[in-house]
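Survey of secondary and tertiary structure
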Amino acid sequence: MTTMYQDRALGAAVHDSATEPFFAATAAGSLQVKACGGCGKLHWYPRPLCPYCLGDTDWRSVSGKGEIYSVSVTRRAGPIPYAIAYVRLDEGITMLTNIVDCDLDALRIGQRVHVVFKPADDGAMIPMFAPDQD
Ligand SMILES: [Zn+2]
């Protein structure tokens, strides 16, 4: 079976002082996550305090490269099927995301992916992932 990716409405992003640095980065084509100034560990989703040591956090750019940890094609949530996945970045953190721009039925655990950005309804660029070309 083949289920080709189709763009779908993403709604509007949440814009506040906590998310603006993130969306400024995605608008410029960069994926950023939070890093702890105390222990140095990265984490996702972004938090004002480190989940490991409660240290202060700052934004840090990451490669946007990783692999699929888990993936499922959702067919019943709306008129357009989409692939929801956990992607483990090469930096070691895992993001809940969508896999796009491919045949959704050909996705496999362990497959290499890279970040791409899709526009939300308000123009904010949302990070998603697409398979690397072999
Ligand atoms: Zn920490």
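Presented here is a report on the structure given in the accompanying data block.

Bringing the environment of Val 71 into the picture now. Within the fold, Val 71 resides in strand β4 (residues 65–74). Its relative accessible area of 25% is what places Val 71 among the partly exposed residues. Taking the C-alpha atoms as reference points, Val 71 and Val 87, separated by 16 residues in sequence, lie 8.6 Å from one another. Each residue touching Val 71, except ones within four places of it in the same chain, is listed here: Ala 83, Ile 84, Ala 85, Ile 99 and Leu 107.

In this structure, Thr 57 sits in strand β3 (residues 57–61). Thr 57 sits in the buried class, given a relative accessible area of 10%. A polar contact is formed between the side chain of Thr 57 and the backbone oxygen of Arg 47, at a distance of 2.8 Å. A distance of 3.3 Å separates the side chain of Thr 57 from the backbone oxygen of Pro 48, its partner in a polar contact. Setting aside residues up to four positions removed in sequence, Thr 57 forms contacts with Lys 34, Ala 35, Cys 36, His 43, Arg 47, Pro 48, Leu 49 and Cys 50.

What follows deals with the sheet that holds strand β1 (residues 32–36). What links the strands of a sheet is backbone hydrogen bonding, and the strands pair in either a parallel or an antiparallel sense. Across the sheet, which stays open at both edges, the 3 strands sit in the order β2-β1-β3 with antiparallel pairing between neighbours. This sheet does not close on itself; its edge strands, each paired only once, are β2 (42–43) and β3. Note that β1 and β2 share 2 bridges and pair antiparallel. Across the sheet, Lys 34 pairs through a bridge with His 43, a residue of β2.

What follows covers the pairing of β1. Counting buried positions along β1 yields 5 of 5 residues, so the element is predominantly enclosed. Here β1 shows no split at all, with Gln 32, Lys 34 and Cys 36 on one side and Val 33 and Ala 35 on the other all buried. Summarising the sheet, β1 and β3 pair through 5 bridges and their orientation is antiparallel. Within β3, the residue paired with Gln 32 across the bridge is Ser 61. Two successive antiparallel strands, β1 and β2, enclose a turn made up of 5 residues, where Gly 40 displays a positive phi of approximately 85°.

Moving on: the pattern of salt bridges. Counted according to the given criterion, the structure contains 4 salt bridges. Linking Lys 118 and Asp 7 is a salt bridge whose minimum nitrogen-to-oxygen distance equals 3.6 Å. One end of the pair, Lys 118, is in strand β7 (residues 112–119); the other, Asp 7, is in the segment before α1 (20–27), with 111 residues separating them in the sequence. Judged by its relative accessible area of 55%, Asp 7 is exposed. The partner of Asp 90 in a salt bridge is Arg 112, with the nearest N and O atoms 2.9 Å apart. Linking Asp 90 in the loop between β5 (82–89) and β6 (94–99) with Arg 112 in strand β7, this pair joins segments that are 22 residues apart in sequence. A single salt-bridge network, built from bridges that share partners, covers Asp 7, Asp 101 and Lys 118.

Scoring rules and cut-offs
- Residues numbered from 1 in each chain as written.
- Predicted model: local features only at pLDDT ≥ 70, side-chain atom pairs only at ≥ 80, totals over all residues.
- Heavy atoms only, no water.
- Helix = DSSP H or I, 4+ residues; strand = E, 2+ residues; numbered from the N terminus.
- Buried < 20%, exposed > 50% of the residue type's maximum accessible area, 1.4 Å probe, protein only.
- Contact = heavy atoms within 4.5 Å.
- Polar contact = N/O pair within 3.5 Å; in protein donor to acceptor, adjacent residues only side chain to side chain.
- Pairing = 2+ DSSP bridges.
- Salt bridge = Lys/Arg side-chain N within 4 Å of Asp/Glu carboxyl O.

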